[in-house]
Amino acid sequence: MTQLLDVVLDAHGGLARWQEAKTIRARGSIGGLLWTMRGQEGILSTADMTADVQQQRLVFEDFTGPGLLGVFTPDRVAVETPDGEVVAERTAPRAAFAGHGPDTPWDRLHALYFAGYAMWNYLTAPYLLTRPGVLVEELEPWEDGGVSRRRLRATFPEAIATHAREQTFHYDDAGLLRRHDYAAEVLGSPPAAHFCEKHVTESGLVFPTHRHVVPIDANGEVLPEPVLITIDLAEVSVA
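Just so it is clear, the structure is predicted and the values come from calculations on it, not from any experiment. (Residues numbered from 1 in each chain as written. Predicted model: local features only at pLDDT ≥ 70, side-chain atom pairs only at ≥ 80, totals over all residues. Heavy atoms only, no water.)

Participant: If you had to explain the environment of Glu138 to someone new, which residues and values would you point to?
Facilitator: Tracing the sequence through the fold places Glu138 in strand 7 (residues 135-144). When the C-alpha atoms of Glu138 and Thr2 are compared, they prove to be 6.9 Å apart, with 136 residues separating the residues in sequence. Beyond its immediate sequence surroundings of up to four residues, Glu138 is in contact with Thr2, Leu4, Arg150, Arg151 and Leu152. Side chain to side chain, Glu138 and Arg150 meet in a polar contact 2.9 Å long. (Helix = DSSP H or I, 4+ residues; strand = E, 2+ residues; numbered from the N terminus. Contact = heavy atoms within 4.5 Å. Polar contact = N/O pair within 3.5 Å; in protein donor to acceptor, adjacent residues only side chain to side chain.)

Structure below.
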């Protein structure tokens, strides 16, 4: 691990506390233009999710219907009843995005895969960066709105479902995540900046509770709009 990653882990609760955690439950709303573009507007306007911390699995409650569970793992997504009856499922879900254009409509399983892996990554960061096969290096600082931020570049293995193999994380002087840059492969790899605000501490771990994602232009400049994704969490708990 880099010295900066040590600082970041300490700022978000410490590596030992992350290793103890089993699940993270979050409730809130996920919106933004992306869902409208993909024909899934409002699918996660009420989002109640539980992420397994030590393995890549996340479950949305009441996903597309009362009592239905949206179950994400890297190799399978499924809509299930509480007693395990499968309503819809897809294996090899990432392959289902092949050939998509910028406005190709999604079905609910596309939305489940994208939201499932994304929220698992977001909720488990920065512990995510300590997982086997993740390579991390510190980059030169980046000035953002007149403020200098330290940065980590992470290279992810194929075993982790995530936006892209390479991603960059920006941290403030306290070691808190403020910005996350990536080019999501399942969307055709458009570069984007993901901003994080309103951090809270729950059971010793620290989480941003407001996030929004905007495009980056061809010159590398952040555009103020359109706002592609918004994430607002009203509750977070750790078990």
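Participant: Please set out the layout of surface pockets residue by residue, giving values where relevant.
Facilitator: To find leftover empty space, one rolls a probe the size of a water molecule over the atoms. The computed volume of the largest pocket comes to approximately 250 Å³. Lining the largest pocket are 17 residues; nearest its centre among them are Leu34, Leu187, Pro190, Ala192 and Leu228. At the level of secondary structure, the elements contributing two or more residues to the lining of the largest pocket comprise helix 3 (33-37), strand 11 (191-202) and strand 12 (205-215). Of the residues assigned to the lining of the largest pocket, the class counts are 15 nonpolar, one polar and one charged. (1 Å grid on protein atoms, 1.4 Å probe; cavity = no way out; pocket = protein on both sides within 12 Å on 5 of 7 lines; lining within 4 Å. Points joined across faces, edges and corners; volume = space filled by probe spheres on them. Nonpolar A, V, L, I, M, F, W, Y, C, P; charged D, E, K, R; others polar.)

Participant: Mind laying out the environment of Leu228, listing which residues take part and the relevant values?
Facilitator: Along the chain, the position of Leu228 falls in the loop between strand 12 and strand 13 (229-238). When the C-alpha positions of Leu228 and Thr36 are compared, they lie 9.5 Å apart, and in sequence the two are 192 residues distant. Excluding residues that lie within four positions of it along the chain, Leu228 makes contacts with Gly31, Gly32, Leu33, Leu34, Val213, Val214 and Pro215.

Participant: Can you tell me about the pairing of strand 12, naming the residues and giving the values?
Facilitator: Extensive coverage of strand 12 is indicated by the burial of 10 of its 11 residues. The hairpin turn running from strand 11 into strand 12, its antiparallel successor, is two residues long, and Ser203 in that turn takes a positive phi close to 50 degrees. Two elements, strand 12 and strand 13, share four bridges in a ladder whose sense is antiparallel. In the strand pairing of strand 13, His210 is matched with Asp232. (Buried < 20%, exposed > 50% of the residue type's maximum accessible area, 1.4 Å probe, protein only. Pairing = 2+ DSSP bridges.)

Participant: Explain the pattern of salt bridges residue by residue, including any values.
Facilitator: In total, this model carries 14 salt bridges according to the counting rule given. Notably, a salt bridge pairs Arg153 with Glu137, separated by 2.5 Å at the nearest N-O pair. Of this pair, Arg153 sits in strand 8 (residues 147-155) while Glu137 is found in strand 7, placing the two residues 16 residues apart along the sequence. Among the charged side chains, a salt-bridge network with shared partners connects Arg25, Arg27, Asp48, Glu61 and Glu235. (Salt bridge = Lys/Arg side-chain N within 4 Å of Asp/Glu carboxyl O.)

Participant: Outline the packing of aromatic side chains, supporting the account with residue identities and numerical values.
Facilitator: Evaluated as defined, the whole model comprises 11 aromatic pairs. On the numbers, 6.1 Å between centres and 75 degrees between planes, the contact of Trp35 with Trp106 is edge-to-face. Taken as a pair, Trp35 in helix 3 and Trp106 in the loop between strand 6 (86-91) and helix 4 (108-124) lie far apart in primary sequence, 71 residues in all. For Trp106, a relative accessible area of 5% gives the class buried. An aromatic cluster is built from Trp35, Phe72, Phe97, Trp106, Tyr113, Phe114 and Tyr117, whose rings are joined through pairwise contacts. (Phe/Tyr/Trp six-rings, centres within 6.5 Å; stacked < 30°, edge-to-face > 60°.)

Participant: Quick one: what's the story with the side chain of Arg151, residue by residue and with numbers?
Facilitator: Assignment of secondary structure puts Arg151 in strand 8. Here Arg151 sits buried without a salt bridge, and the closest side chain of opposite charge, Asp181, lies 6.0 Å off (N-O distance). Of note is the side chain of Arg151, whose polar atom sits 2.8 Å from the backbone oxygen of Glu140. (Lys, Arg positive; Asp, Glu negative; His and termini not counted.)

Participant: Can you explain unusual backbone geometry? Please cite residues and give values.
Facilitator: With an omega of 5 degrees, the peptide bond running from Ala125 to Pro126 counts as cis. In this structure, Pro126 sits in the loop between helix 4 and strand 7. Following Glu225, the chain continues into Pro226 via a peptide bond in cis, with omega recorded as 0 degrees. In this fold, Pro226 is placed in the loop between strand 12 and strand 13. The phi angle at Thr64 is positive, at roughly 65 degrees, despite the residue not being glycine.

Participant: Break down the nonpolar core for me, citing the residues and quoting the values.
Facilitator: Grouped together as the largest cluster of nonpolar side chains are 66 residues, with contacts concentrated most on Trp35, Met49 and Leu129. With 12 residues, the single largest contributor to this core is helix 4. Discounting residues that sit within four places of it in the chain, Met49 has contacts with Ile24, Arg25, Ala26, Ile30, Leu58, Val59, Phe60, Met119, Leu123 and Leu233. (Core = buried A, V, L, I, M, F, W, Y, C linked by side-chain atoms within 4.5 Å.)

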